[in-house]
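Examining the three-dimensional arrangement
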Amino acid sequence: MADRGPVVLGIETSCDETGVGIVRGRTLLADALASSVDSHARYGGVVPEVASRAHLEAMVPTVRLALDRAGLRLSDVDAIAVTAGPGLAGALLVGVAAAKAYALALDRPLYGVNHLAAHVAVDELEHGPLPEPCLALLVSGGHSSLLLVPDVATDVRPLGATIDDAAGEAFDKVARLLGLPFPGGPPIDRVARDGDPAAVAFPRGLTGKHDAPYDFSFSGLKTAVARWVEARQRAGEPVPVADVAASFQEAVVDVLTAKAVRACRDHGVDALLIGGGVAANSRLRRVAEVRCAGAGILLRVPRPGLCTDNGAMVAALGARVVAAGVAPSTLDIPADSALPVTRVLL
């Protein structure tokens, strides 16, 4: 039976993806995306000003595309949700300003939601209601976080986060070292399939007995890869790209999954959700499956298209917030680039 309830339009502009999703209840009606990743590739990373201008150009066409795919008119939308943070300040401003304009013009409620909580909520579109509580491992270019989630609409609690580079950022930098294209996650995943994950014993950050149990550090790993590659080059020896990629990827995946399973055990939670762009990584998915199965933990991972930044996740969280009866945001909400995950709604 089809979901009934309000139609929520979600807008995502936290980085380099202009995403617009439309959701009714837990049913995804449309998901449209315009990416500026090609514009950033020659710089080896996202350029905030370029991203902001791309959002400005893509916003109205992407909203129209989502409505067309859903077979709806703008007047059919009952609420507007938008990523209010965290993210790139200029990019966020474009999305927040557009959402305010649509809400004001349509006289619809506005919900400024948290980007990280949205990465959790999107799984409901594919796998149904989240177990409560669940534990979420969010890994992307800007975030590596472990969250305890009693209720994604109202109660998200941080357990740990990266103290330096995010996992996705490390993938990008190592890909550049190996001569692979940007963004680095997909090419490393692809090349690593032909490599030996045990070829190089790269370090596992923050895994010592007295280290913070749920925090992450990938800066040392990135440096270790750079030093190893430089040593080979100085010696005039070829760099075995597949082996280095596989060994680096294994070090990241090992730490992420071990800490996530430990957090589940420590907090008595038997469901783990993995989200964010790095959740599309095939090795991360496989190791997580094996370790969760061994620990009796239910693993939920959205399909890759819902792991990367998208409008569907914002609409999904907006729908949950509406269903929970939470009061909407005011029309003067800011874009908060450092919005803490404890603030589900701004």
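Residues numbered from 1 in each chain as written. Predicted model: local features only at pLDDT ≥ 70, side-chain atom pairs only at ≥ 80, totals over all residues. Heavy atoms only, no water.

**Points about the environment of P109**
Looking at the element boundaries, P109 is found in the loop between α3 (89-106) and β5 (110-114). Spatially, the C-alpha atoms of P109 and A81 are 8.5 Å apart, while their sequence positions differ by 28 residues. Discounting chain neighbours no more than four positions away, the residues touching P109 are D78, A79, I80 and P328. (Helix = DSSP H or I, 4+ residues; strand = E, 2+ residues; numbered from the N terminus. Contact = heavy atoms within 4.5 Å.)

**Considering the nonpolar core**
Grouped together as the largest cluster of nonpolar side chains are 49 residues, with contacts concentrated most on L137, F248, L256, L272 and I274. Of all the secondary structure elements, the ones that give two or more residues to this core are β6 (134-139), β7 (144-151), α6 (167-177), α7 (185-192), α8 (219-234), α9 (241-266), β9 (271-275) and α10 (282-295). For this core, the element with the highest residue contribution is α9, accounting for 14 residues. Among the nonpolar cores identified, the runner-up in size contains 36 residues, and A81, V149, V152 and V321 belong to it. (Core = buried A, V, L, I, M, F, W, Y, C linked by side-chain atoms within 4.5 Å. Buried < 20%, exposed > 50% of the residue type's maximum accessible area, 1.4 Å probe, protein only.)

**Notes on the sheet that holds β9**
Taken in spatial order, the five strands of this open sheet run β8-β7-β6-β9-β10, and their pairing is mixed. Each edge of the sheet is formed by a strand with only one pairing partner; in this case those strands are β8 (155-161) and β10 (298-300). Along the sheet, successive strands turn relative to each other by an average axial angle of 25°, direction set aside. Pairing between β7 and β8: five bridges, direction antiparallel. Paired with S145 across the bridge in β8 is A161. α10 rests against β6, β9 and β10 of the sheet, and its axis sits at about 160° to β10. (Pairing = 2+ DSSP bridges. Axes fitted to C-alpha atoms, helices over the stretch in contact; angles between N-to-C directions.)

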